[in-house]
Amino acid sequence: MFIYQNSMRVGSSTSHTDRMFLYYRCDNKSCTRPKKSIRAKVIFDFIYDFLADGLNFTEAEYTRYYEGISGIMGEKREKIQMELNSKRGALKAVRSEIDELGLALLRQTDKQSTIYKSGSRRLSTLELKAGGIEEDISKLKSQLTNPEQDKLTLKQFLNLSKNAVLLAKSDIPEIKDQICRYLFLNHTVDNEKMASYRLKLPFDVMPKSLKSTSSRGGRN
């Protein structure tokens, strides 16, 4: 959740009747909000109302969704691949320097010399750097999943359309979180209520059914 371009943190509090309430709080020191927090119920009530009539997606809209998400994921994979290639090039350069420096140290007969000690410290630094790059490469490779695994099937898409509000109201936090993450990029609040929201691409530019909900809240 966002206010003044900064994210709000989730927390909980207990009333005098021992009932627990969730809330979102702004911890930004420069924030000028009179009230630093807002009940999570305000956000979720908006989401429930937003999804109450169903999303009314069609197979034609699934085609647009599929094409849209394919384009987004294609761009993301391209950026990851470029970064991966850059990291691999950097690792190759570091490994080459390690090999050269290692051979140079082997030729040094005086292990107590300043040159040997300096070279050893440099070698240790390079080994740590190589390890960090290898870790970065591993993380990037893990992001290059099969594109089809991250796309909803037609059945999942239509099920989302029909049962979105039921999923959002689920008592299972993971399901509630998943439906919100599928559709919403962020929500903006004022002191008392929802001020606006942003849908996640490609939903932001695709379905008319989502764009016809201005009476339920403004959009950024």
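What counts as what
- Residues numbered from 1 in each chain as written.
- Predicted model: local features only at pLDDT ≥ 70, side-chain atom pairs only at ≥ 80, totals over all residues.
- Heavy atoms only, no water.
- Salt bridge = Lys/Arg side-chain N within 4 Å of Asp/Glu carboxyl O.
- Helix = DSSP H or I, 4+ residues; strand = E, 2+ residues; numbered from the N terminus.
- Buried < 20%, exposed > 50% of the residue type's maximum accessible area, 1.4 Å probe, protein only.
- Expected span 1.5 Å × (residues − 1).
- pLDDT = per-residue confidence, 0-100.
- Contact = heavy atoms within 4.5 Å.
- Phe/Tyr/Trp six-rings, centres within 6.5 Å; stacked < 30°, edge-to-face > 60°.
- Lys NZ or Arg CZ within 6 Å of the ring centre and 35° of its normal.

Visitor: Describe the pattern of salt bridges, listing the residues and the values that go with them.
Guide: Applying the stated criterion to the full structure yields six salt bridges. For K87, the salt bridge is made with D136, and the minimal N-O distance between the two is 3.2 Å. Highlighted residues: K87 in helix α2 (residues 59-106) and D136 in helix α3 (residues 114-143), separated in sequence by 49 residues. What makes D136 partly exposed here is its relative accessible area of 28%. Between E97 and R122 there is a salt bridge, with the nearest N and O atoms lying 2.9 Å from each other. Of this pair, E97 sits in helix α2 while R122 sits in helix α3; the two residues are 25 residues apart in sequence, bridging distant segments of the chain. Relative accessible area serves as the criterion here: at 32%, E97 is assigned to the partly exposed category. A network of salt bridges, in which partner residues are shared, links R95, E127 and E134.

Visitor: Talk me through the environment of A90; I want residue IDs and the actual numbers.
Guide: On the secondary structure map, A90 appears in helix α2. When the C-alpha atoms of A90 and A130 are compared, they prove to be 8.6 Å apart, with 40 residues separating the residues in sequence.

Visitor: Describe α2, and please don't skip the residues or the numbers.
Guide: Its 48 residues give α2 an end-to-end C-alpha distance of 68 Å, which sits within 8% of 70 Å, the value for a rise of 1.5 Å per residue. Among all positions of α2, only E61, Y62, Y65, I69, M73, I80, L84, L91, V94, I98, L101 and L105 are buried.

Visitor: Would you mind going over the confidence of the model for the chain in detail, with residue names and values included?
Guide: Of the residues in the chain, 86% have a pLDDT of 70 or more, and the chain-wide mean is 79. Taken together, the stretch residues 211-220 has pLDDT below 50 and engages in 23 contacts with residues farther than four places along the chain or on a different chain.

Visitor: Outline the packing of aromatic side chains, supporting the account with residue identities and numerical values.
Guide: Each aromatic ring pair is specified by the distance between its two centres and by the angle formed by the two planes. Inspection of the entire model under this criterion finds 10 aromatic pairs. Pairing Y62 with Y65 gives two aromatic rings, centres 5.9 Å apart and planes at 35 degrees, and the pair type is tilted. Highlighted residues: Y62 and Y65, both in helix α2, separated by three residues, approximately one helical turn. Of the two residues, Y62 and Y65, both sit in the buried class. Their ring planes at 65 degrees and their centres at 5.2 Å tell us that Y62 and F157 sit as a pair that is edge-to-face. Here Y62 is found in helix α2, whereas its partner F157 is found in helix α4 (residues 154-168), with 95 residues between them in sequence. What makes Y62 buried here is its relative accessible area of 13%. Taken together, F46, F50, F184 and Y197 form an aromatic cluster joined through their ring pairs. When the ring centre of Y48 is taken as reference, the NZ or CZ atom of K169 above it lies at 5.4 Å.

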